[in-house]
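Structural overview for review
Residue-level listing of the chains:
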Amino acid sequence: MGVPEEDTNSPGWVFKPGGGCSGPRRAPRRTARGTAGSDRPGSHLLLQLKGIRMPLNDDQNSDSDSSRLSESTGASSDSEYSRQSFNSDSSSKPSSPASASPPKVITFDELMAATRNLSNWTLAHEIAVNANFCIKHEDFPQNSFAGTVKQIVHKAFWDHLESELNEDPPEYEHAIKLFEEIKEILLSFLTPGANRIHNQICEVLDTDLIRQQAEHNAVDIPGLANYIINTMGKLCAPVRDNDIKQLKATDNIVELLRQIFHVLDLMKVDMANYTIKSLRPYLWHNLVDYERTKFQEILEETPSALNLTTEWIKESIEDELSSISDESSSSPGADSSSKPIISPTLVLNNGYLKLLQWDYCKTIPETLLTDEVRLQELREKLNQLKIIACISLITNNMVGSAIVDVPDFADQLKRISVPLLEGMNKKSFDLKEALNAIGVQICSKVNKSLTERGLPTLSEEMQSNLMGQIAHIVEKNNPVCSLIDKRIQLFLRSLLALPGVQKCMPTMPGGLSVIQTEMEFVGSQYASIVNFNKKVYGPFYANILRKLLFPEAPIEKAEAETAGN
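Note that the structure is a prediction, hence the values are computed from the model and not measured.

Per the secondary structure count, the chain includes 20 helices and 6 strands. For the chain, with 565 residues in total, the buried portion stands at 45%. A sequence separation of at least 24 residues applies to 76% of the contacts in the chain between residues at least 6 apart. Accessible surface computed for the chain: about 29,200 Å², of which carbon and sulfur atoms make up 52%.

Have a look at this one:
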């Protein structure tokens, strides 16, 4: 009978996108701390994988003849895209998507294989791109049913062990099994070259020898426990030093063994986090090929795994065609009979911009599942920044003369607005009430500044108009809000149009100076997600774009021409 097992799929082992973690002692003494976020990648594909029969469609899969766009979508100009780039064959590239195959029935083994691929794909991406990603040891809530059951089972186990050790003569068999488990756990912490400590652990915790001692009632359990604690102190992360001290201060041998297993569980988490940190540079270096290969495996198991991505790109094409049509109708001399030429880069960039206004109650395109949480957080941050910019623009237009001599008024305005707009993307948040509160505080701040400078305060009518204008931001099609939104879109569009190697930011449009620092930070995060996504899924996007933009181009003819050359 060993100690009750911790289920690695239960709250005992929880993957966290952020949180504190430390490596083992043989790693440098430092910790990585971050804020926790939500993580729910892959939900749509997991639902898709539950289907019994999944027909394959030429429009849903990706061909290997399209990998040329993979490179050009990341850093090329529109002039590099020609009809030939969509008809060329580059099937020799191992990472490019495979061609279509007949419909097939998904077996249970294939379902599990696809699920494992999805899990590995999302986990590797999260580890590589999220510097704060780590594992946390969490337990069931004490008042929960599962927590109560666990507490009862563990108490029964340790009570039984205590009764055995209190017998005359003591019964050591279960205690010996615990020492055997502890030995295996300690050995798992060692590096391959740690032969001396490996031999020492095996020698001291030799269960055959302990059994022989037990037969003669000569087992030194306190001595064994003391050796275990000292060995744990050598192997643990610095963050566990306090736990080791508490173990040394525990006198009851059963409680000591119980706490030893608890600290060993924490050390397992530390080791896992140390391994994650060690793997991160390697994963990042090989992430593009790894993610593309894993997604290709998912696509082979789940042929419909590009349906939403195809629909997303199709909507972006329709939006671009509509925009071109509007421009043509407003230009009298335009030739309406000629077919419009659409840039694949522009189509993709427009699609990426739509993600910042995406309704995340709907499932995101499959190729962006691994970044869904990050994109949603950026959307929420941009919504908050848009409101702050609107408030600043209205305030400057209405009472600009009163605050022109207050150099840090923009910072004061942000300090007022940010706390009151916290959580504004929640359904329960009352934006109108928050805007009213912001309007009141701004009027108070302006009046205080005017009084300090010996100037007359704002009239009641002026204050009422200012608070009313700020409160009207919440209304649909508010002109100020629409203007700021267009300028934010302009900045982000200019950012995506920059070459990948260029590090400087585009010029900030007027009206956004109050949020310039925040916009540049959000913009750099957004551009990083987009550029990496293009590198990974460029071949898949190229195939979809070729079929949607050039449906009349026969693939067979292109393949024949390639073979002839």
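Turn by turn, an α-helix covers 3.6 residues, leaving residues three or four places apart pointing in a common direction. Compared with the 16 Å implied by 1.5 Å per residue over 12 residues, the 17 Å span of helix H15 (residues 409–420) between its first and last C-alpha is a close match. The set of residues buried in H15 consists of Phe409, Gln412, Leu413, Lys414, Ile416 and Ser417. Looking at the packing, one finds that the buried side of H15 touches helix H14 (372–403), helix H16 (431–452) and helix H19 (516–549).

Buried within helix H8 (residues 207–215) we find Thr207, Ile210 and Ala214. Here the buried residues of H8 occupy an arc of 55° about the axis, which is enough to place them on one side. The inward-facing, buried residues of H8 abut helix H6 (173–188), helix H7 (195–204) and helix H9 (221–235). Capping the start of H8, aspartate 206 holds a side-chain oxygen 3.1 Å from the backbone nitrogen of aspartate 208, two or three residues further along. Of the residues trailing H8, asparagine 217 is marked for its positive phi of about 55°.

Next up on the list: the packing of aromatic side chains. Taken as a whole, this structure holds 8 aromatic pairs when the rule is applied. Between tryptophan 158 and phenylalanine 261, the aromatic rings sit 6.4 Å apart at their centres with planes inclined by 50°, giving tilted as the arrangement. Residue tryptophan 158 is located in helix H5 (residues 145–165), and its partner phenylalanine 261 is located in helix H11 (residues 253–301); the two are separated by 103 residues in the primary sequence. Of the two residues examined, tryptophan 158 and phenylalanine 261, each falls in the buried class. A centroid spacing of 5.5 Å and a plane angle of 70° characterise the contact between tryptophan 312 and tyrosine 352, whose relative ring orientation is edge-to-face. With tryptophan 312 in helix H12 (residues 307–330) and tyrosine 352 in helix H13 (residues 344–354), this pair connects stretches of sequence that are 40 residues apart. Neither tryptophan 312 nor tyrosine 352 differs from the other in exposure class; each is buried. Ring pairs connect the aromatic residues Phe295, Trp312, Tyr352, Tyr537, Phe540 and Tyr541, which therefore count as one cluster.

Counting residues in hydrophobic clusters, the biggest one holds 79 residues, and the most contacted among them are Ile313, Tyr352, Leu355, Ile391, Ile442, Ile473 and Tyr526. Ranked by residues supplied to this core, first place goes to H14 with 14 residues. Leave out the neighbours within four places in its chain, and leucine 355 touches Trp312, Tyr360, Ile364, Pro365, Leu368 and Leu375. Membership of the second largest hydrophobic core comes to 41 residues, among which are Tyr172, Ile228, Leu247 and Leu264.

Relative to the elements of secondary structure, glutamate 320 occurs in helix H12. Arginine 493 is the oppositely charged side chain nearest to the buried, salt-bridge-free glutamate 320, at an N-O distance of 5.9 Å. Discounting residues that sit within four places of it in the chain, glutamate 320 has contacts with Ile342, Leu346 and Asn350.

What follows covers the environment of tyrosine 360. Structurally, tyrosine 360 can be placed in the loop between H13 and H14. Along the backbone, tyrosine 360 and glutamate 372 are 12 residues apart, and their C-alpha atoms lie at a distance of 8.6 Å. Those residues in contact with tyrosine 360 that sit more than four places away from it in its chain are Leu355, Glu372, Leu375, Gln376 and Arg379.

Once that is clear, we can look at the environment of serine 459. Within the element layout of this structure, serine 459 appears in the loop between H16 and helix H17 (460–471). On the accessibility criterion, serine 459 (42% relative accessible area) is partly exposed. With 12 residues separating them along the chain, serine 459 and asparagine 447 place their C-alpha atoms 9.6 Å apart. Here methionine 462 takes part through its backbone nitrogen, which lies 3.1 Å from a polar atom of the side chain of serine 459.

Before going further, it helps to spend a moment on the packing of H6 against H7. Relative orientation of the contacting elements H6 and H7 amounts to 180°, with a least axis distance of 10 Å. The angle between the axes of H6 and H7 places the two elements in the roughly antiparallel class. Counting all contacts with H6, which are made through Lys183, Leu186 and Leu187, the residues of H7 involved are His198, Ile201 and Cys202. Grouping the amino acids of the contact of H6 with H7 by side-chain chemistry returns 4 nonpolar, 1 polar and 1 charged.

In total, this model carries 11 salt bridges according to the counting rule given. A salt bridge links lysine 268 to aspartate 265; its shortest N-O distance comes to 3.7 Å. Here lysine 268 pairs with aspartate 265, and both are found in helix H11, just 3 residues apart, close to one helical turn. A relative accessible area of 28% means that lysine 268 is categorised as partly exposed. The partner of lysine 294 in a salt bridge is glutamate 297, and the shortest N-O contact between them spans 3.4 Å. Of this pair, lysine 294 and glutamate 297 both sit in helix H11, 3 residues apart, which is roughly one turn of that helix.

This part takes up the packing of H6 against H11. Between H6 and H11, the shortest axis-to-axis distance is 11 Å and the interhelical angle comes to 20°. The orientation of H6 with respect to H11, classified from their angle, is roughly parallel. Our pair here, H6 against H11, has a crossing hand that is left-handed. Here Leu178, Phe179, Glu181, Ile182, Ile185 and Leu186 of H6 lie close against H11, whose contacting residues are Leu257, Ile260, Phe261, Leu264 and Lys268. Residue composition of the contact of H6 with H11, by class: 9 nonpolar, no polar and 2 charged.

It is worth spelling out a nonpolar patch on the surface at this point. Residues Phe145, Val149 and Val153 make up a contiguous nonpolar surface patch of roughly 310 Å² in combined accessible area. The exposure class of phenylalanine 145 is exposed, given its relative accessible area of 70%.

In this model, the chain carries a mean pLDDT of 76, and residues with pLDDT of at least 70 account for 72%. When pLDDT is averaged over each helix and strand of the chain, the minimum, 32, is found for strand S4 (residues 53–54) and the maximum, 92, for helix H18 (residues 479–497). Contacts of residues 5–104 to residues separated by more than four positions or lying in other chains number 255 contacts, the stretch itself having pLDDT below 50. Scored below 50 in pLDDT, residues 555–565 shows 5 contacts in the model against residues more than four places distant or in partner chains.

What counts, and where the lines are drawn
- Residues numbered from 1 in each chain as written.
- Predicted model: local features only at pLDDT ≥ 70, side-chain atom pairs only at ≥ 80, totals over all residues.
- Heavy atoms only, no water.
- Helix = DSSP H or I, 4+ residues; strand = E, 2+ residues; numbered from the N terminus.
- Buried < 20%, exposed > 50% of the residue type's maximum accessible area, 1.4 Å probe, protein only.
- Contact = heavy atoms within 4.5 Å.
- Areas by Shrake-Rupley, 256 points an atom, 1.4 Å probe, with all protein chains shown as cover.
- Expected span 1.5 Å × (residues − 1).
- Arc of directions from axis to C-beta.
- Polar contact = N/O pair within 3.5 Å; in protein donor to acceptor, adjacent residues only side chain to side chain.
- Phe/Tyr/Trp six-rings, centres within 6.5 Å; stacked < 30°, edge-to-face > 60°.
- Core = buried A, V, L, I, M, F, W, Y, C linked by side-chain atoms within 4.5 Å.
- Lys, Arg positive; Asp, Glu negative; His and termini not counted.
- Salt bridge = Lys/Arg side-chain N within 4 Å of Asp/Glu carboxyl O.
- Axes fitted to C-alpha atoms, helices over the stretch in contact; angles between N-to-C directions.
- Parallel < 35°, antiparallel > 145°, perpendicular 65-115°, else oblique.
- Nonpolar A, V, L, I, M, F, W, Y, C, P; charged D, E, K, R; others polar.
- Left-handed = near helix turned anticlockwise from the far one by under 90°.
- Patch = residues over 30% accessible without salt bridge, like charges linked within 9 Å, V, L, I, M, F, W, Y side chains within 5 Å.
- pLDDT = per-residue confidence, 0-100.

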